[in-house]
Amino acid sequence: MQTEKMREILDHLRAANTIIISRHVRPDGDAVGSSLGLAEILRVSFPEKRIFADNEDFYESLAYLGSEGDRPTDADYAGATVVTVDCATSDRISNRRFSMGKELIKIDHHANVEPYGDLSWVETGRSSTCEMIAEFALAFPEELTVNQKAATLLYAGIVSDSGRFRYRETAPSTLRYAAAMMEKGVDTQFLYANMYLEEPRILQFHAQIVRKIQYTESGVAWLHISRSYRRRKKLTMQEASEVNNLMESTKGSLIWLVFVECDDGSIRVRLRSRFVEIRALAERYGGGGHACACGATVHNAQEEATLIAEAEALLKQFKQSHPTLF
Ligand SMILES: [Mn+2]
């Protein structure tokens, strides 16, 4: 717990008249939960301040979490404190006006590859940014109020970014903050009814794509989804990328790679793993992220094959040195 850092952030927020909150592009549950959750906490706690969420994209599939509200005008940025949540690098902020405020505060749990902002609170290894926002709010109960709406947003982000408390960043504190949010009246059945539902066309896509999973000698599972297949099935990049989840229950397979061809011809890679750290691998291909959950980009079949071969070497070496782990 970084109490001093949290106190410093609270001081800045208390002093601000206008606070604008942004997250990363192509948002997930944690990005939406932390941005809208923090906005709600600040609206309730400081009714005299003007609080905005300002983001350029949103996902229809996350609409059950609620809407963003009105976006600020350029004039609103004058003197404003801008906070980014869940966003490691400034180029991924879903708001090109982020630098128009008086100051910029970064709150995040990704590797701090670009320590941007005038003030930042980054804790790599935390399950989610939502967990950090929950901790922040609960640390100052006299000043910050978490209502049911905020608690629901933060709980949703904690659950989604921790893979329902399964990923290795899940700590005792993750469960404590989730419990504290539940005590504020989170409707978990409503959340789960929305979070893990798939349209029939997506289930059909999964059924089809499972048969195309390939495995290397040591058990790296991988899939390539071409641009033409993606278009034929009318899949967004996000929908196509999410199939790592289908691989992680394969016994003996500890690294899961999905290569999805973008419209511009580059190939986006989603890397996931259990036990084996893959961040350095992702960073060699222009990416990064968490120890066991990363993104990267390759530009042709050759680079893709090399990345798979490097993942295979990594897994082979890991299995040799940890023969009893899996
Ligand atoms: Mn996150």
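Higher on the page you've got the structure.
So, unusual backbone geometry
(1) Moving on: We note that R26 has phi near 45°; this positive angle belongs to a residue other than glycine.
(2) Moving on: Within the secondary structure, R26 sits in the loop between β1 (18–22) and α2 (29–45).
(3) Moving on: The backbone of F165 shows a phi angle near 65°, a positive value even though the residue is not glycine.
(4) Moving on: Note that F165 resides in the loop between α4 (148–161) and α5 (172–182).

Considering empty space enclosed by the protein
(1) Moving on: Inspection of the entire model under this criterion finds one cavity of 30 Å³ or more.
(2) Moving on: Each pocket or cavity is described by its volume, and for the largest cavity that value is around 40 Å³.
(3) Moving on: Together, L36, E40, R43, L65, G66, S67, K149 and L153 line the largest cavity.
(4) Moving on: Counting residues per element, the ones that place at least two in the lining of the largest cavity are α2 and α4.
(5) Moving on: Considering only residue class, the lining of the largest cavity consists of three nonpolar, two polar and three charged.

With respect to the side chain of K319
(1) Moving on: Its place among the elements puts K319 in helix α11 (residues 301–321).
(2) Moving on: Buried charge without a salt bridge: K319, with E312 as the nearest opposite-charge side chain at an N-O distance of 7.9 Å.

Some details on the pattern of salt bridges
(1) Moving on: Under the defined criterion, the tally for this structure stands at 19 salt bridges.
(2) Moving on: Its salt-bridge partner being E277, residue R168 comes within 2.7 Å of it at the nearest N-O pair. Placement of the pair is R168 in the loop between α4 and α5 and E277 in the loop between β9 (267–273) and α10 (279–284), with a sequence separation of 109 residues.
(3) Moving on: Given the relative accessible area of 43%, R168 is considered partly exposed.
(4) Moving on: One network of salt bridges, in which partners are shared, links D54, R71, D74 and R97.

Each value, and the rule that gives it
- As a convention, each chain's residues are numbered from 1 in the sequence order in which they are written.
- Local features are withheld for residues below a pLDDT of 70 in this predicted model, meaning they are given only at 70 or higher, and side-chain atom pairs are given and counted only at 80 or more; totals for whole chains, interfaces and linings count all residues.
- Derived side-chain values reflect all non-hydrogen atoms in the structure, with water molecules and hydrogen atoms excluded from consideration.
- Under the scheme used here, helices are H or I runs from DSSP no shorter than 4 residues and strands are E runs no shorter than 2 residues, and both carry numbers assigned from the N terminus.
- Here a cavity means grid points, on a 1 Å grid over the protein atoms only, where a 1.4 Å probe fits yet cannot get out; a pocket means an open set of points with protein on both sides within 12 Å along at least five of seven lines; lining residues are those with an atom within 4 Å of a point.
- Grid points are joined across faces, edges and corners, and a volume is the space filled by probe spheres set on the points.
- Amino acids are sorted into nonpolar (Ala, Val, Leu, Ile, Met, Phe, Trp, Tyr, Cys and Pro), charged (Asp, Glu, Lys and Arg) and polar (every other residue, Gly among them).
- Whether a residue is buried, partly exposed or exposed follows from its accessible area with a 1.4 Å probe, protein chains only, as a fraction of its type maximum: under 20%, in between, or over 50%, in that order.
- Counting rule applied: Lys, Arg positive; Asp, Glu negative; His and chain ends not counted.
- By definition, a salt bridge exists where a carboxyl oxygen of Asp or Glu is found within 4 Å of a side-chain nitrogen of Lys or Arg.

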